[in-house]
Amino acid sequence: MSAVRMLVVGSCTGRKSVTCDRMLTMDDFRDPGRLRAREAELAACRVPAWRLYAGLQHTSMMNGVNIIRKRFGRESVAVAIVSAGYGLVAEDQLLVPYEATFNEMGRREALAWSRHLGIARDVRAAAKGFPLVVFLVGARYLDALEPPVIPQAGQRFIFLAGSGKEGAVGSPGVTVVRSGPEEATTCGSPVIAVKGRMFELFARGLAHEGEALWDRLIADDSPATFMRAVNTGSKSLGSESMEGMPTRSASNRVT
């Protein structure tokens with residue numbers, strides 16, 4: 001059985017793979033009775049959370065999850081998603097399409113609504129027992145986690161975060177990996193999706209190097225090992241692209 005076992009915490013995206021008339025809104029989520037009625041009304045549109053979100057950050061994250069599962073087994077990765085409507089949801093939880101985001105809330109409003117949903121509590125509960133937890137959430141969603149989220153003994157938390165967020169999440173057992181415009185350029189990703197893209201490349205690198213890299217990742221409190229996996233994943237992706245290119249014959253060489 002593989003030693004690789006991690007929880008990946010992502011966030012909901014505005015773009016959905018399934019749409020329907022009169023999707024849920026924050027007004028629905030704020031009224032439990034109304035929410036139940038509206039969910040029943042939209043039951044035909046219900047899909048698992050992993051499938052509902054179609055933003056590039058989420059799809060890149062799920063690509064990475066599937067790469068790791070293919071290499072180390074399905075139990076190697078669990079996925080939880082911070083939803084501004086539903087709270088913390090598991091990847092297989094059935095949801096109906098909705099329009100709600102922490103990005104349109106002020107910090108105080110986001111924190112108050114997060115506390116109402118119990119997101120920080122649920123994240124702490126979901127993280128128990130995982131040697132590694134990787135957080136791929138934006139600034140406002142990070143606020144919703146009520147940082148610092150502190151790992152237990154023997155755990156490592158890795159936060160992919162923009163510049164200036166180190167102090168918000170820093171504590172023993174926490175590694176902060178910078179994910180901003182510079183990293184987006186290096187990874188060939190829009191800034192809005194850079195965390196998902198970096199995780200996808202990390203997953204490729206981890207799958208390539210195996211459990212030896214996993215052991216170093218758990219022990220390293222710097223971003224170096226994570227970024228080594230990202231770089232390895234990027235190189236392996238480039239090699240795959242080159243292998244698919246036609247070989248130029250000698251007679252067609254440009255001199």
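The shown structure was predicted, so the numbers you read here are calculated from the model rather than taken from an experiment. (Residues numbered from 1 in each chain as written. Predicted model: local features only at pLDDT ≥ 70, side-chain atom pairs only at ≥ 80, totals over all residues. Heavy atoms only, no water.)

## A word on the packing of helix H4 (residues 56-72) against helix H10 (residues 194-209)
Part 1 of the argument: Closest axis-to-axis distance for the H4/H10 pair is 7 Å, and the angle between their directions is 15°. Here H4 lies roughly parallel to H10, going by the angle between them. Of the two possible hands of crossing, H4 and H10 adopt the one that is left-handed. For the pair formed by H4 and H10, the contact residues are Gln 57, Ser 60, Met 61, Asn 63, Gly 64, Val 65, Ile 67, Ile 68, Arg 71 and Phe 72 on the first element and Val 194, Lys 195, Gly 196, Arg 197, Phe 199, Glu 200, Phe 202, Ala 203, Arg 204, Leu 206 and Ala 207 on the second.
Part 2 of the argument: By residue class, the composition of the contact of H4 with H10 is 11 nonpolar, five polar and five charged. (Axes fitted to C-alpha atoms, helices over the stretch in contact; angles between N-to-C directions. Helix = DSSP H or I, 4+ residues; strand = E, 2+ residues; numbered from the N terminus. Parallel < 35°, antiparallel > 145°, perpendicular 65-115°, else oblique. Left-handed = near helix turned anticlockwise from the far one by under 90°. Contact = heavy atoms within 4.5 Å. Nonpolar A, V, L, I, M, F, W, Y, C, P; charged D, E, K, R; others polar.)

## Notes on helix H11 (residues 211-219)
Part 1 of the argument: Buried residues of H11: Leu 213, Trp 214 and Leu 217, and no others. Taken down its axis, H11 places every buried residue within 105° of arc, on the same side. (Buried < 20%, exposed > 50% of the residue type's maximum accessible area, 1.4 Å probe, protein only. Arc of directions from axis to C-beta.)

## Quick notes on the side chain of Arg 38
Part 1 of the argument: As for its position among the elements, Arg 38 is in helix H2 (residues 32-41).
Part 2 of the argument: In this structure the side chain of Arg 38 is engaged in a polar contact, spanning 2.9 Å, whose partner is the side chain of Asp 28.
Part 3 of the argument: Residues contacting Arg 38, with those up to four places away along its chain left out, are Arg 22, Met 23, Leu 24 and Asp 28. (Polar contact = N/O pair within 3.5 Å; in protein donor to acceptor, adjacent residues only side chain to side chain.)

## A word on the confidence of the model for the chain
Part 1 of the argument: Summing up the model confidence of the chain, the mean pLDDT is 88 and the portion of residues at 70 or higher is 89%.
Part 2 of the argument: Below pLDDT 50 for its whole length, residues 241-255 participates in two contacts with residues either more than four positions away or in separate chains. (pLDDT = per-residue confidence, 0-100.)

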